[in-house]
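Tertiary structure, described
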Amino acid sequence: QQHLVESGGGLVQLGGSLTLSCVASGFGFRQSTMSWYRQVPGKEREFVARIRHVVDGTYADSVKGRFTISRDDDKAMVFLQMSNLKPEDTAVYYCHASEPKGRDGDRVFWGGGTQVTVSS
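Just so it is clear, the structure is predicted and the values come from calculations on it, not from any experiment.

1. So, the state of the cysteines
Under the defined criterion, the tally for this structure stands at one disulfide. Linked covalently through their sulfurs, Cys22 and Cys95 form a disulfide whose S-S length is 2.1 Å. Taking the sign of the S-S torsion, -90 degrees for the link of Cys22 and Cys95, the bridge is left-handed. Here the residue Cys22 occupies a position in strand E3 (residues 18-24), and Cys95 occupies one in strand E9 (residues 91-99), the gap between them amounting to 73 residues.

2. A few points about the side chain of Arg38
As for its placement among the helices and strands, Arg38 is situated in strand E4 (residues 33-39). Within the structure, the side chain of Arg38 is placed 2.8 Å from the side chain of Glu46, a separation counted as a polar contact. Of note is the side chain of Arg38, whose polar atom sits 2.9 Å from the side chain of Tyr93. For Arg38, the contacting residues outside a window of four places in its chain are Glu44, Arg45, Glu46, Val48, Ser62, Val63, Phe67, Glu88, Asp89, Ala91, Val92 and Tyr93.

3. Considerations on the sheet that holds strand E8 (residues 77-82)
Pairing in this open sheet of four strands is antiparallel, and the strands run E1-E3-E8-E7 from one edge to the other. Of all strands in the sheet, those with a lone pairing partner are strand E1 (4-7) and strand E7 (67-72), marking the two edges. Ignoring which end each strand starts from, the neighbouring axes of this sheet average 15 degrees apart. Pairing of E1 with E3, which is carried by four bridges, proceeds in the antiparallel orientation.

4. Some thoughts on the nonpolar core
Residues Leu4, Trp36, Leu80, Met82 and Tyr93 are the most contacted members of the largest nonpolar core, which totals 29 residues. Breaking this core down by element, the ones donating at least two residues are E3, E4, strand E5 (46-51), E7, E8, E9 and strand E11 (114-119). Residues in contact with Leu4, not counting those within four places in the same chain, are Cys22, Val23, Ala24, Phe27, Met34, Cys95, His96, Ala97, Phe109, Trp110, Gly111 and Gly112.

5. Concerning unusual backbone geometry
Note: most residues except glycine have negative phi, and most peptide bonds are trans. Residue Ala76 is not a glycine yet carries a positive backbone phi of 55 degrees. With respect to the secondary-structure elements, Ala76 resides in the loop between E7 and E8. A residue is classified by how much of its surface remains accessible, and Ala76, at 16% relative accessible area, is buried. The phi dihedral of Asn84 falls on the positive side, at around 45 degrees, and the residue is not glycine. In this fold, Asn84 is placed in the loop between E8 and E9.

6. Remarks on the pattern of salt bridges
Taken as a whole and judged by the stated rule, the model has eight salt bridges. Ionic pairing is found between Arg30 and Asp74, a salt bridge with its closest N-O pair at 2.9 Å. In this pair, Arg30 sits in the loop between E3 and E4 while Asp74 sits in the loop between E7 and E8, placing the two residues 44 residues apart along the sequence. Here Arg38 makes a salt bridge to Glu46, at a shortest N to O gap of 2.8 Å. The exposure class of Arg38 is buried, given its relative accessible area of 5%. Taken together, the shared-partner salt bridges connect Arg38, Glu46, Arg66 and Asp89 into one network.

Calculation rules
- Residues numbered from 1 in each chain as written.
- Predicted model: local features only at pLDDT ≥ 70, side-chain atom pairs only at ≥ 80, totals over all residues.
- Heavy atoms only, no water.
- Disulfide = S-S within 2.5 Å.
- Helix = DSSP H or I, 4+ residues; strand = E, 2+ residues; numbered from the N terminus.
- Polar contact = N/O pair within 3.5 Å; in protein donor to acceptor, adjacent residues only side chain to side chain.
- Contact = heavy atoms within 4.5 Å.
- Pairing = 2+ DSSP bridges.
- Axes fitted to C-alpha atoms, helices over the stretch in contact; angles between N-to-C directions.
- Core = buried A, V, L, I, M, F, W, Y, C linked by side-chain atoms within 4.5 Å.
- Buried < 20%, exposed > 50% of the residue type's maximum accessible area, 1.4 Å probe, protein only.
- Salt bridge = Lys/Arg side-chain N within 4 Å of Asp/Glu carboxyl O.

Set out below in structure tokens:
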């Protein structure tokens, strides 16, 4: 039922590092574009990073140079390595998958989220 499950969130101090993980199941992971989004209360969910293959990473301006997205197709997992964390990075982080289905269009999946809190 759950196609994406995130883990690795927690409390970290300003300037610290944290790595989020997302395990995928029940769909064609290898051909899917994987992304991370984040959301804080009262604000819209925002894009963080996207990867279409092993080295194809795209990042929001706010995290460039600090976050790195990667994937392991053999394990059907995607990761978000976060460094030099700031209080403004505090949010619930969501794993996202977009699976191409040709004439049927893309299928989209969301994980349940994992909370990251950065203290100053």
